[in-house]
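# Commentary on secondary and tertiary structure
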Amino acid sequence: MSRLPDFEGLALLARVAEERSFAGAARALNLSVATVSRAIGRLEDRLGAQVFNRTSRKLALTDFGRRLAERGARMLQEAEEAESAARELSSQPRGTVNLAVPMSFGLREVSPLLPAFVRQYPEITLNLHLSDATIDLIGDGFDAALRIAALPDSSLIARRLRAMSRFLVASPAYIARYGRPQTPAELNVHHCLGYAYRARTATWQLTHTDGSEATVTPTGPLSVTNIDALMPALLDGIGIAELPCFVAEPHLAEGRLEILLPDWKLPGGGLYFITPTSRVRPARIDALSEFLVKHLSRRG
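Summary of the structure given here.

Thresholds applied
Residues numbered from 1 in each chain as written. Predicted model: local features only at pLDDT ≥ 70, side-chain atom pairs only at ≥ 80, totals over all residues. Heavy atoms only, no water. Helix = DSSP H or I, 4+ residues; strand = E, 2+ residues; numbered from the N terminus. Rg over C-alpha atoms; globule rule 2.2 N^0.38 Å. Buried < 20%, exposed > 50% of the residue type's maximum accessible area, 1.4 Å probe, protein only. Contact = heavy atoms within 4.5 Å. Areas by Shrake-Rupley, 256 points an atom, 1.4 Å probe, with all protein chains shown as cover. Pairing = 2+ DSSP bridges. Axes fitted to C-alpha atoms, helices over the stretch in contact; angles between N-to-C directions. Phe/Tyr/Trp six-rings, centres within 6.5 Å; stacked < 30°, edge-to-face > 60°. Core = buried A, V, L, I, M, F, W, Y, C linked by side-chain atoms within 4.5 Å. Polar contact = N/O pair within 3.5 Å; in protein donor to acceptor, adjacent residues only side chain to side chain. Parallel < 35°, antiparallel > 145°, perpendicular 65-115°, else oblique. Left-handed = near helix turned anticlockwise from the far one by under 90°. Nonpolar A, V, L, I, M, F, W, Y, C, P; charged D, E, K, R; others polar.

On to the overall build of the protein. Broken down by element type, the protein carries 10 helices and 15 strands. Relative to the compact-globule value of 19 Å for 300 residues, the protein shows a C-alpha radius of gyration of 27 Å, a clear excess of over 25%. In terms of overall dimensions, the protein has a C-alpha envelope of 85 × 45 × 40 Å along the principal axes. Counting every position in the protein, which comprises 300 residues, the buried fraction comes to 40%. Contacts in the protein between residues at least 24 apart in sequence constitute 74% of all its contacts with a sequence separation of at least 6. In the structure as shown, the protein presents an accessible area of about 16300 Å², 52% of it carried by carbon and sulfur atoms.

In structure tokens:
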């Protein structure tokens, strides 16, 4: 049976490469410089090649060492994630979760859930970031996000919670003043209100029940970066707007808004819980995921 790989040597190689010195790696790991040096020497002897070029003033990775250090860094990261997940799985989920949520949806449906989440998971600190701008989970340092989209980023792990339909709507006051459009083409001469952070383009893509399609480029007197900022103008009869179901439905039910072109549908989307790709996910992320699935999937 072959020997196990020198996991310690590979991990120490990755840390020396990161710190750019034996002494820096030793300090970071609370080891002696001699222990680190012996591990690197053992690894070189085992592999029959140098991983560092050493002088009295400089330490530089060889090309072989650089490629090996990259693999060692990935191995070390996975090992650290595995240990972290194992510790959390054996105890109450704890730690900090940075969660990004679209602002209007977060205020309506996520913030009312926070008291129950805090009571259920007292050892989790949830940092809720509300913004309609598209968040780069990895680049911006987020652990998870709720995203409303037609298709989530394929580089992320996505769990669909529920469907999210959208409607073209106007107030009775607008319809009384400007008339009700009968075809998508007529929207080109109407006042349309814009939302700057739409998931796709600045056009409205509509599909008729018979399968025919139409594209409209809306123009009008107002564009905003948050749906709630659009509502006063929309309800006051200033223009036509595209709204997600969770915003539109209460107003439709009470007659403050009406659906336009009911035989034409906007593309459907969904509400997704997304996380960066990882083989091991901390228990606190799993806890948040299951909590949101429980409380948000059954609505809408």
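Still to come is the rest of the account.
Residues other than glycine seldom take positive phi values, yet Arg-20 does so here, at roughly 65°. Summarising the element assignment, Arg-20 is placed in the loop between helix 1 (7-19) and helix 2 (22-29). One non-glycine residue with positive phi stands out, namely Leu-261, at about 50°. Residue placement: Leu-261 occurs in the loop between strand 13 (258-259) and strand 14 (264-265).

Here we come to the pairing of strand 12 (residues 241-244). Every second residue of strand 12 is oriented toward a common face, with Ala-241 and Leu-243 on one face and Glu-242 and Pro-244 on the other, all of them buried. Relative to strand 12, strand 7 (residues 166-170) runs antiparallel, the two sharing four bridges. Bridged to Arg-166 within strand 12 is Pro-244.

Turning to the pairing of strand 15 (residues 269-276), a few remarks are in order. Burial analysis of strand 15 places seven of its eight residues in the buried class, the great majority of the element. Pairing between strand 5 (residues 144-149) and strand 15: five bridges, direction antiparallel. Across the sheet, residue Ala-149 finds its bridge partner in strand 15, namely Gly-270. Taken together, the eight bridges between strand 6 (residues 156-164) and strand 15 define a ladder with antiparallel strand orientation. In the strand pairing of strand 15, Ala-163 is matched with Gly-270.

With that settled, the discussion passes to the sheet that holds strand 7. If you walk across this open sheet you meet the three strands as 12-7-13, and the pairing is antiparallel. Every other strand in the sheet has two partners, leaving strand 12 and strand 13 as the edge strands with one partner each. With two bridges joining them, strand 7 and strand 13 adopt antiparallel strand pairing. The residue bridging Val-169 from the neighbouring strand is Ile-259, located in strand 13. The strands that helix 8 (residues 227-235) touches are strand 7 and strand 12; relative to strand 12, the one it contacts most, it runs at about 130°.

Turning to its location among the elements, Pro-122 is positioned in the loop between helix 6 (114-120) and strand 4 (124-130). Classification of Pro-122 by relative accessible area gives exposed; the value is 60%. Spatially, the C-alpha atom of Pro-122 lies 39 Å from that of Leu-13, the residues being 109 residues apart in sequence.

A full pass over the atoms with the stated rule returns five aromatic pairs. Aromatic ring contacts, followed pair by pair, group Phe-117, Tyr-121 and Phe-291 into a single cluster.

This brings us to the nonpolar core. Where a protein is soluble and globular, its nonpolar side chains tend to be buried together. With 38 residues, the main nonpolar core has Phe-105, Leu-146, Leu-243, Phe-273 and Leu-292 as its most contacted residues. The element contributing the most residues to this core is helix 10 (residues 283-296), with seven residues.

We now examine the sheet that holds strand 9 (residues 204-208). Sheet architecture is open: three strands sit in the order 10-9-14, paired in antiparallel fashion. The strands lining the two open edges of the sheet, one partner per strand, are strand 10 (213-216) and strand 14. Both strand 9 and strand 10 contribute to a ladder of four bridges, which runs antiparallel. When the bridges of strand 10 are listed, Leu-206 appears paired with Ala-214.

Attention now moves to helix 2. Within helix 2 the residues assigned to the buried category are Phe-22, Gly-24, Ala-25 and Ala-26. If you check the start of helix 2, you find a side-chain oxygen 2.8 Å away from the backbone N of Gly-24, and it comes from Ser-21. Looking one or two residues past helix 2, Asn-30 carries a phi angle of roughly 60°, positive in sign.

Where helix 1 meets helix 2, the closest approach of the two axes is 8 Å, and the angle between their N-to-C directions is 115°. In this view, helix 1 runs roughly perpendicular relative to helix 2, as classed from their interaxial angle. Considering the relative orientation of helix 1 and helix 2, their crossing is right-handed. On the side of helix 1, the interface is formed by Leu-12, Arg-15, Val-16 and Glu-19, while helix 2 contributes Phe-22, Gly-24, Ala-25, Ala-28 and Leu-29. In the contact of helix 1 with helix 2, the residues fall into six nonpolar, one polar and two charged.

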